[in-house]
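Now for the letters of each chain:
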Amino acid sequence: MHLSESARVVFDVLAEAGTATRPQLAAGAGLSKPTVSAAVAELEAAELAAHSGRASGGTGRSAAVYRLGPAAGAVLAVDLGPARTRVRGCALDGTLLAEDTGSRREAAGTVRKVLGALPAGAPLRAVVAAVGDVTTRDGEGAGERPATAKAGPVFDAMAVALPEGVPVHLENNVNCAALAELHEGAAVGRDTFGYLRIGVGIGLAVVIGGRVLRGANGAAGEVARLPYPWDDSRAPHYEGLEQRMGSRTLLRRAAETWQDTDGPRPRTAERLLALSAQGHATARAVLDAHATDVGRLAAAVVAVMDPGLIVLGGATGADPQLLPGVRAELARLSWPTEVVNSVVGDTGTVAGAAKLAVAHGIQTVTGAVLAKH
């Protein structure tokens with residue numbers, strides 16, 4: 001689709017605003033009213049913009065209100081999580097059109113359900129899939145792949161449900177969650193921060209100047225690769241820090257600490273957290289030790305990027321019970337840094353993926369070069 005430069009700019013402003021009058025579009029686009037009128041006519045002819053009623057002005061006069069048209073289409077965001085697949089379909093103004101959740105192995109079926117619930121005839125402009133892996137950046141569209149075998153099988157299983165020819169973009173799931181925190185969560189108003197996820201595994205998103213730092217290999221923030229252990233008598237082993245700090249080791253540590261009088265051993269991290277919240281002394285002690293470990297990792301993050309803010313997320317990290325211990329250990333080892341819990345919860349990854357998908361969808365329509373978010 002070929003659009004004039006002014007039509008591209010006006011479409012971008014309209015997508016950001018959702019609805020707008022011509023004067024509002026002119027102000028947002030920095031264009032003259034005649035130029036905007038011509039651009040709107042061009043967008044209407046292509047069904048990329050449509051009338052959405054009239055708005056009364058302060059002088060009693062009314063102005064036509066515009067919204068995105070049916071040809072603007074929709075985008076899809078897919079969170080291929082370790083246990084659950086979350087899918088959202090959105091319009092290019094960010095409006096939620098459909099969503100569903102299924103198990104990891106039901107990824108393709110969940111995608112098909114959401115695709116089937118989108119407005120009939122609306123073109124699918126872009127797909128963003130959030131994966132728990134480093135993602136390669138040497139190809140665009142459907143050529144993108146997870147960089148290792150970690151997320152490859154589930155991505156392949158999901159991809160069969162997607163229409164042919166639609167650009168598919170991969171993003172690390174921790175980066176997506178950080179974008180959700182930036183736009184609608186704990187980091188609103190802060191353009192530089194670290195998002196530290198602690199759960200089944202560990203991960204870090206580095207946000208600088210409002211953009212996620214991806215690195216030369218797409219692996220910025222892969223703190224699982226920090227050398228551990230590291231002292232005179234032991235050499236680091238592959239992803240040793242994640243092995244120490246992931247939920248499996250947390251549960252093993254709890255099992256080793258558990259006393260006969262403590263009742264049934266927790267089988268999940270969620271159960272361990274619940275017992276601690278109920279005042280269970282052994283569960284509390286295990287979590288306090290875990291919080292100290294997280295605080296030491298946070299100190300390593302602060303030593304490298306000095307972000308001023310660290311947002312703790314993930315199934316374990318987002319629990320408020322860890323916050324005092326993390327703050328205390330970080331304060332002992334490093335300089336002042338604010339530490340807060342994530343507020344976007346389990347849906348943060350798909351919410352961030354949806355933000356990216358909308359940006360890619362607009363790019364598909366306008367042909368603009370997408371800035372790295």
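Attention in this report is confined to the structure presented alongside it. Computed from a predicted model, the values in this text were never measured in an experiment.

## Details of the pattern of salt bridges
Logical step 1: Within this structure, the stated rule accounts for eleven salt bridges.
Logical step 2: Ionic pairing is found between Arg284 and Asp288, a salt bridge with its closest N-O pair at 2.9 Å. Residue Arg284 and its partner Asp288 are both found in helix H10 (residues 281-305); the two are separated by four residues, about one turn of the helix.
Logical step 3: You can call Asp288 partly exposed: its relative accessible area is 36%.
Logical step 4: The residue Glu329 makes a salt bridge to Arg332 at a minimum N-O spacing of 2.9 Å. With Glu329 and Arg332 both in helix H11 (residues 323-333) and three residues apart, this pair spans about one turn of that helix.
Logical step 5: What makes Glu329 buried here is its relative accessible area of 8%.
Logical step 6: Judged by its relative accessible area of 56%, Arg332 is exposed.

## Side note on the sheet that holds strand E13 (residues 338-341)
Logical step 1: If you walk across this open sheet you meet the five strands as E11-E10-E9-E12-E13, and the pairing is mixed. The open sheet has two edge strands, strand E11 (211-212) and E13, and neither has a second partner.
Logical step 2: Of the strand pairs in this sheet, strand E9 (residues 193-198) and strand E12 (residues 309-313) are connected by four bridges, and their pairing is parallel. Each bridged residue has a counterpart across the sheet, and for Gly194 the counterpart in E12 is Ile310.
Logical step 3: Across the sheet, H11 touches E12 and E13, and the angle it forms with E13 is around 165°.

## Focus on the pairing of E13
Logical step 1: One ladder, built from four bridges, connects E12 with E13; its direction is parallel. Considered in E13, the bridge of Ile310 is made with Val339.
Logical step 2: Of the crossover connections in this fold, the one passing from E12 over H11 to the parallel E13 is right-handed.

## Notes on helix H3 (residues 33-45)
Logical step 1: Between its first and last C-alpha, H3 extends 18 Å over 13 residues, near the 18 Å set by a 1.5 Å rise per residue.
Logical step 2: Along H3, the residues that are buried comprise Val36, Ala39, Val40 and Leu43. Viewed along the axis of H3, the buried residues span an arc of 100°, placing them on a single side of the element. Summarising the geometry of H3, the exposed residues directed more than 90 degrees from the buried face are Pro34 and Ala45.
Logical step 3: Positioned one or two residues after H3, Glu47 has a phi angle of 60°, which is positive.

## Side note on the environment of Leu273
Logical step 1: Residue position: Leu273 is located in helix H9 (residues 269-277).
Logical step 2: For Leu273, a relative accessible area of 8% corresponds to the buried category.
Logical step 3: Distance in space between the C-alpha atoms of Leu273 and Leu25 is 50 Å, their sequence separation being 248 residues.
Logical step 4: The residues touching Leu273, leaving out its near neighbours within four places in the chain, are Leu287, Ala315, Thr316, Asp319, Gln321 and Leu322.

## Section: the nonpolar core
Logical step 1: Counting 52 residues, the largest nonpolar core has Phe11 and Phe193 as the members making the most contacts within it.
Logical step 2: A total of eight residues in this core trace back to one element, the largest contributor, which is helix H12 (residues 348-366).
Logical step 3: Grouped together as the second largest cluster of nonpolar side chains are 33 residues, Val223, Leu273, Val286 and Leu330 included.

## Focus: the sheet that holds strand E4 (residues 74-80)
Logical step 1: Spatial ordering of the open sheet is given by E6-E5-E4-E7-E8, a layout of five strands whose pairing is mixed. Strands with a single pairing partner mark the edges of an open sheet, and in this sheet they are strand E6 (96-103) and strand E8 (168-172). Going across the sheet, the axis of each strand differs from the next one's by a mean of 15°, ignoring polarity.
Logical step 2: Those strands touched by helix H6 (residues 173-184) are strand E7 (124-131) and E8, and its axis lies near 85° from that of E8.

## Examining unusual backbone geometry
Logical step 1: Residue Pro229 follows Tyr228 across a cis peptide bond; omega there is -15°.
Logical step 2: Structurally, the position occupied by Pro229 is in the loop between E11 and helix H7 (240-245).
Logical step 3: For Glu239, which is not glycine, the phi dihedral falls at a positive 50°.
Logical step 4: In this model, Asp306 sits at a positive phi of 40°, which is unusual for a non-glycine residue.
Logical step 5: Within the fold, Asp306 resides in the loop between H10 and E12.
Logical step 6: Given the relative accessible area of 45%, Asp306 is considered partly exposed.

## Concerning the packing of helix H2 (residues 22-29) against H3
Two numbers describe a pair of packed helices, the interaxial angle and the distance between the axes.
Logical step 1: Contact pair H2 / H3: the axes reach a minimum separation of 9 Å and the direction vectors enclose 110°. Considering their axes alone, H2 and H3 lie roughly perpendicular with respect to each other. Between H2, through Arg22, Leu25 and Ala26, and H3, the contact on the second element is made entirely by Lys33, Val36, Ser37 and Val40.
Logical step 2: Each residue belonging to the contact of H2 with H3 can be placed in one class, and the counts come to four nonpolar, one polar and two charged.

What counts, and at which threshold
Residues numbered from 1 in each chain as written. Predicted model: local features only at pLDDT ≥ 70, side-chain atom pairs only at ≥ 80, totals over all residues. Heavy atoms only, no water. Salt bridge = Lys/Arg side-chain N within 4 Å of Asp/Glu carboxyl O. Helix = DSSP H or I, 4+ residues; strand = E, 2+ residues; numbered from the N terminus. Buried < 20%, exposed > 50% of the residue type's maximum accessible area, 1.4 Å probe, protein only. Pairing = 2+ DSSP bridges. Contact = heavy atoms within 4.5 Å. Axes fitted to C-alpha atoms, helices over the stretch in contact; angles between N-to-C directions. Right-handed = clockwise from strand over helix to strand, strands pointing away. Expected span 1.5 Å × (residues − 1). Arc of directions from axis to C-beta. Core = buried A, V, L, I, M, F, W, Y, C linked by side-chain atoms within 4.5 Å. Parallel < 35°, antiparallel > 145°, perpendicular 65-115°, else oblique. Nonpolar A, V, L, I, M, F, W, Y, C, P; charged D, E, K, R; others polar.

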